[in-house]
Amino acid sequence: MSKIKTKPLNDAKSIFVANVKGGVGKSTLSIMLARELAERMPPQNITVIDTDLQRTATEFLTNSNPEINVEFLPITPAFENTNISLVQQFIKQNEFRPGHVVIVDTPAGSSQRLWNLVAEGYAVLIPTTLSNADLLPTENFIRSIDKVKARYGKYHPHLIVCPNKIPFGQKDFSVMADRLNNHDVVIGPALRDLASVRHFYNGKAEKWENKSNSNAQSDFEQFGSFIEKYVLNGELDKIYNKNNTSKNVIPFGKTSN
Ligand SMILES: Nc1ncnc2c1ncn2[C@@H]1O[C@H](COP(=O)(O)OP(=O)(O)OP(=O)(O)O)[C@@H](O)[C@H]1O
Ligand SMILES: [Mg+2]
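Keep in mind that what you see is a predicted model, and the values were worked out from it rather than measured.

**Notes on the nonpolar core**
Among the nonpolar cores identified, the biggest contains 60 residues, and Ala34, Val124, Ile126 and Ile160 are the most heavily contacted of them. Those residues within four positions of Val124 in sequence are excluded, and the remaining contacts are Phe16, Ala18, Val118, Ile145, Pro157, Leu159 and Ile160.

Printed below as a string of structure tokens:
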């Protein structure tokens, strides 16, 4: 296969957070990623598109980080066609805004139109737990996106599986690594099962700010650095170019720097 086209560093990038499975942490990850990136780049260059009717990301971010742009474009059966087109338009327009990042929080569920949209992104973050109840649908989801990529002969989006709600002290990720072995995915740094995140939406955003939650802070910080380096700064493109192979699993432990 010919070499992957590297996206220029400063080009705008769209990152979808998606999985067919509900409750795996898509909205939480979208919110925390936006907040982490806001520490690393001008927040006005970040837009979060909340496509979930539940408005989780919108509600949280407008309270906690009003400097980050938030667009609410619910993708529900009733609005699917219109709002998928709007998200598409937004992403296309954004391509001409160097240094901008769009994070799209998507709803659970399997709609081919949504998968086609997700496959237009630069990267897809796919949160999942290590439970088979989540890993099996996650694997199917990866296959669906891969099919769209194959149909159009595309290298992007990079698929990044994000192990979420990982029990404290868990070091063995072989269940996940084995299952994903034959897929063209990258495994991102693990996010632990954190009580402070579980109760995230119970209080106000400011309360979360003031609470001492160093575990959550360090996990999401590590995650933010990973995305900055591998996605925004083009490290994944470089890895793909160098290896020129479809096997692209970055092993655990090599992701932090
Ligand atoms: N790392 C974590 N540790 C503990 N709890 C978590 C973690 N990540 C997410 N959660 C909790 O899991 C629940 C579901 O998270 P979230 O709403 O982000 O998932 P989702 O994939 O967006 O769900 P939906 O499919 O309904 O949109 C929330 O209560 C959230 O607080
Ligand atoms: Mg959600």
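Once the structure has been displayed, the description carries forward.
**Topic: the sheet that holds strand β5 (residues 123-128)**
The seven strands lie next to each other as β3-β2-β4-β1-β5-β6-β7, forming an open sheet whose pairing is parallel. Of all strands in the sheet, those bounded by a partner on one side alone are β3 (69-72) and β7 (186-187). By the bridge criterion, four bridges tie strand β2 (residues 46-50) to β3 in an arrangement that is parallel. Along β3, the bridge assignment pairs Val48 with Val70. Packed on one face of the sheet, helix α1 (residues 26-38) meets β1 (13-17), β2, β4 (101-105), β5 and β6 (158-163) and runs near 160° to β4. Of the strands in this sheet, β1, β4, β5 and β6 touch helix α9 (residues 214-232), which is tilted by about 125° from β1.

**Looking at the site of ligand 1**
Around ligand 1, 19 residues are found, and the nearest of them are Gly22, Lys26, Ser27, Thr28 and Ala108. Mapped by element, the contributors of at least two residues to the shell around ligand 1 are α1 and α7 (195-198). Taken together, the residues of the shell around ligand 1 sort by class into seven nonpolar, seven polar and five charged.

**Brief notes about the pairing of β5**
With respect to burial, β5 is a largely interior element, six of its six residues being buried. Because side chains alternate across β5, one face comprises the buried residues Ala123, Leu125 and Pro127, and the other comprises Val124, Ile126 and Thr128, equally buried. Where β1 lies against β5, three bridges are found, and the strand directions are parallel. If you follow Val17 over to β5, its bridge partner there is Leu125. Note: β5 against β6, six bridges, orientation parallel. Paired with Ile126 across the strands is Val161, a residue of β6. Taken together, β5, helix α5 (residues 132-152) and β6 constitute a β-α-β crossover, and its handedness is right-handed.

**Things to note about the packing of α1 against α9**
Relative orientation of the contacting elements α1 and α9 amounts to 70°, with a least axis distance of 9 Å. Relative to α9, α1 is oriented roughly perpendicular. Of α9, the residues touching α1 (which contributes Met32, Leu33, Glu36 and Leu37) are Phe220, Glu221, Phe223, Gly224 and Ile227. Residue composition of the contact of α1 with α9, by class: six nonpolar, one polar and two charged.

**What about the confidence of the model for the protein chain?**
Any segment with low pLDDT has predicted coordinates that should not be analysed in fine detail. Across the protein chain, the average pLDDT comes to 87, with 88% of residues at 70 or higher. β5 holds the highest mean pLDDT among the elements of the protein chain, 98, whereas helix α8 (residues 205-210) holds the lowest, 55. Low confidence marks residues 248-257, where pLDDT is under 50. Its contacts with residues over four positions away, or in another chain, come to 19 contacts.

Cut-offs and rules
- Residues numbered from 1 in each chain as written.
- Chains lettered and ligands numbered in written order.
- Predicted model: local features only at pLDDT ≥ 70, side-chain atom pairs only at ≥ 80, totals over all residues.
- Core = buried A, V, L, I, M, F, W, Y, C linked by C-beta atoms within 7 Å.
- Buried ≥ 20, exposed ≤ 12 C-beta atoms within 10 Å, placed from the backbone.
- Contact = placed C-beta atoms within 7 Å.
- Pairing = 2+ DSSP bridges.
- Helix = DSSP H or I, 4+ residues; strand = E, 2+ residues; numbered from the N terminus.
- Axes fitted to C-alpha atoms, helices over the stretch in contact; angles between N-to-C directions.
- Near = placed C-beta within 6 Å.
- Nonpolar A, V, L, I, M, F, W, Y, C, P; charged D, E, K, R; others polar.
- Right-handed = clockwise from strand over helix to strand, strands pointing away.
- Parallel < 35°, antiparallel > 145°, perpendicular 65-115°, else oblique.
- pLDDT = per-residue confidence, 0-100.

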